[in-house]
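Spelled out from the first residue to the last, the chains are:
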Amino acid sequence: MGGGNAQKAKMAREKNLEKTKASKGSQLDTNKKAMNIQCKVCMQTFMCTTSEVKCKEHAEAKHPKADLYTCFPNLKK
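In short, a report on the structure. These numbers were taken from a predicted model, which means no experiment stands behind them.

Thresholds, definitions, all that
Residues numbered from 1 in each chain as written. Predicted model: local features only at pLDDT ≥ 70, side-chain atom pairs only at ≥ 80, totals over all residues. Heavy atoms only, no water. Helix = DSSP H or I, 4+ residues; strand = E, 2+ residues; numbered from the N terminus. Buried < 20%, exposed > 50% of the residue type's maximum accessible area, 1.4 Å probe, protein only. Contact = heavy atoms within 4.5 Å. Areas by Shrake-Rupley, 256 points an atom, 1.4 Å probe, with all protein chains shown as cover. Disulfide = S-S within 2.5 Å. Salt bridge = Lys/Arg side-chain N within 4 Å of Asp/Glu carboxyl O.

### Re the overall build of the protein chain
(1) Moving on: Regarding its fold elements, the protein chain presents 4 helices and 2 strands.
(2) Moving on: The order of α-helices and β-strands along the protein chain, N terminus first, is α-α-β-β-α-α.
(3) Moving on: Taking all 77 residues of the protein chain together, 16% fall into the buried category.
(4) Moving on: Expressed as a percentage of contacts within the protein chain between residues at least 6 apart in sequence, the contacts between residues at least 24 apart total 25%.
(5) Moving on: Carbon and sulfur atoms make up 55% of the accessible area of the protein chain, which totals about 6600 Å².

Shown next as structure tokens:
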């Protein structure tokens, strides 16, 4: 007895709810880990998805006397 569809669906919902509770929390820690591009002149950090264009804009706006590759040596390839 007790193996009906409603009970199985309820158990599945409870199981899925437990999985989603584990990832509950602040997004701030994840965001800090993603900030791995850093300007070597002013030490400002950028998201890992930042394009070379954005880095170039930063270098031109904030450090007009410095070269792009002085600010971001990891862009050299």
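### Comments concerning the side chain of His-58
(1) Moving on: Here His-58 shows up in helix H3 (residues 52–62).
(2) Moving on: The exposure class assigned to His-58 is buried, which follows from its relative accessible area of 7%.
(3) Moving on: Those residues in contact with His-58 that sit more than four places away from it in its chain are Cys-39, Cys-42, Gln-44, Phe-46, His-63 and Phe-72.

### Focus on the state of the cysteines
(1) Moving on: A full pass over the atoms with the stated rule returns 0 disulfides.
(2) Moving on: You can see Cys-71 has no disulfide; the closest cysteine sulfur is in Cys-39, sitting 4.1 Å from it.
(3) Moving on: Residue Cys-71 is classed as buried on the basis of its relative accessible area of 0%.

### Some points on the pattern of salt bridges
(1) Moving on: In the structure shown here, the tally under the stated rule is 1 salt bridge.
(2) Moving on: The closest approach of N and O atoms between Lys-54 and Glu-57, which form a salt bridge, is 3.9 Å. Note that Lys-54 and Glu-57 are positioned in helix H3 at a spacing of 3 residues, about one turn of the helix.
(3) Moving on: Residue Glu-57 is classed as partly exposed on the basis of its relative accessible area, which comes to 42%.

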